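Residues per chain are reported as follows:
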Amino acid sequence: MHVVRNGIDLHHFQPSPVPNTARPILLGIGTLIETKRWDRLIKIAARLKKEGHHFKLKIVGAGSLGGALSQLVRDLQIEDRVDLPGQLEDISAELGQASCLVHPSEVEGCPNVIMEAMASGRAVVAVDSGDVTALVEHGKTGFVVAKEDDAALAQYVTLLLKDPGLSRKMGEAAREKANREFGLDRLVR
């Protein structure tokens, strides 16, 4: 049996240096629905702010939970740290501005957004669901955490915030893996 995973256009998702800013961007991309668990990422952002970390969390996407997530951001008083811009068309540009991708989804198949982030040279912190462990090499191209392990999710996000060099190194390894395994030529073969 052979598994043929999704492929992506590696020319569209080009690697770029991880921005070296005082306020790194943690990026989440996906539909704003319950199974994507954006609520837990927003709560982690509140915790990171309370701990004194400097960052911006940007969750790109549209969906039925948009209003509820905006309200959660207001309730937690982290409007200065969380941006919910809705659906955006140029995902490669968003990835180019981000320090890493955080993917808290508990239900997945083969998430294209993880492959796109890796092709863009970004480290990934993701929940173990669907094909995530086949994409992200824990400790090499990012980190994979167990479902409902908010402490580990926060720990690895914090690690990448505190160590931009590690984030860059993982992003470079992620791009190498994307070149080997995610291209459309590989999909066709």
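Since this is a predicted model, take the numbers as computed values, not measurements.

A tally of regular secondary structure across the chain gives eight helices and six strands. From first element to last, N terminus to C terminus, the chain shows the α and β order β-α-β-α-β-α-β-α-β-α-β-α-α-α. For the chain, the C-alpha radius of gyration of 15 Å lies close to 16 Å, the compact-globule estimate for 189 residues. Expressed as lengths along the three principal axes of its C-alpha atoms, the size of the chain is roughly 50 × 35 × 30 Å. Looking at the chain as a whole, 51% of its 189 residues are labelled buried. Here the analysis covers contacts within the chain between residues at least 6 apart in sequence; of these, 72% occur between residues at least 24 apart. Summed over all atoms, the accessible surface of the chain reaches about 8,900 Å², with 50% contributed by carbon and sulfur. For the chain, the separation between the mean place of its 24 positive charges and that of its 25 negative charges on side chains is 4 Å.

Before going further, it helps to examine the packing of aromatic side chains. Within the structure shown, the criterion is met by one aromatic pair. Geometrically, the ring pair formed by Phe 143 and Tyr 156 is stacked, given 4.2 Å between the ring centres and 10 degrees between the ring planes. Taken as a pair, Phe 143 in strand S6 (residues 142-145) and Tyr 156 in helix H6 (residues 150-162) lie far apart in primary sequence, 13 residues in all. With respect to class, Phe 143 is no different from Tyr 156; both count as buried.

On to the nonpolar core. Core analysis: the largest hydrophobic core is formed by 32 residues, its most contacted members being Leu 26, Ile 42 and Leu 57. Put simply, the parts of the chain that give this core at least two residues each are helix H1 (38-50), strand S2 (56-60), helix H2 (66-75), strand S4 (100-103), strand S5 (123-127), S6 and H6. Setting aside its immediate chain neighbours within four residues, Ile 42 contacts Leu 57, Ile 59, Leu 69, Leu 72, Val 73, Leu 76 and Ile 78. In this structure, Ala 117, Leu 135, Val 144 and Ala 174 belong to the second largest nonpolar core, which totals 27 residues.

What counts, and where the lines are drawn
- Residues numbered from 1 in each chain as written.
- Predicted model: local features only at pLDDT ≥ 70, side-chain atom pairs only at ≥ 80, totals over all residues.
- Heavy atoms only, no water.
- Helix = DSSP H or I, 4+ residues; strand = E, 2+ residues; numbered from the N terminus.
- Rg over C-alpha atoms; globule rule 2.2 N^0.38 Å.
- Buried < 20%, exposed > 50% of the residue type's maximum accessible area, 1.4 Å probe, protein only.
- Contact = heavy atoms within 4.5 Å.
- Areas by Shrake-Rupley, 256 points an atom, 1.4 Å probe, with all protein chains shown as cover.
- Lys, Arg positive; Asp, Glu negative; His and termini not counted.
- Charge placed at Lys NZ, Arg CZ, Asp CG, Glu CD.
- Phe/Tyr/Trp six-rings, centres within 6.5 Å; stacked < 30°, edge-to-face > 60°.
- Core = buried A, V, L, I, M, F, W, Y, C linked by side-chain atoms within 4.5 Å.

All we've got here are geometric facts, nothing functional implied.
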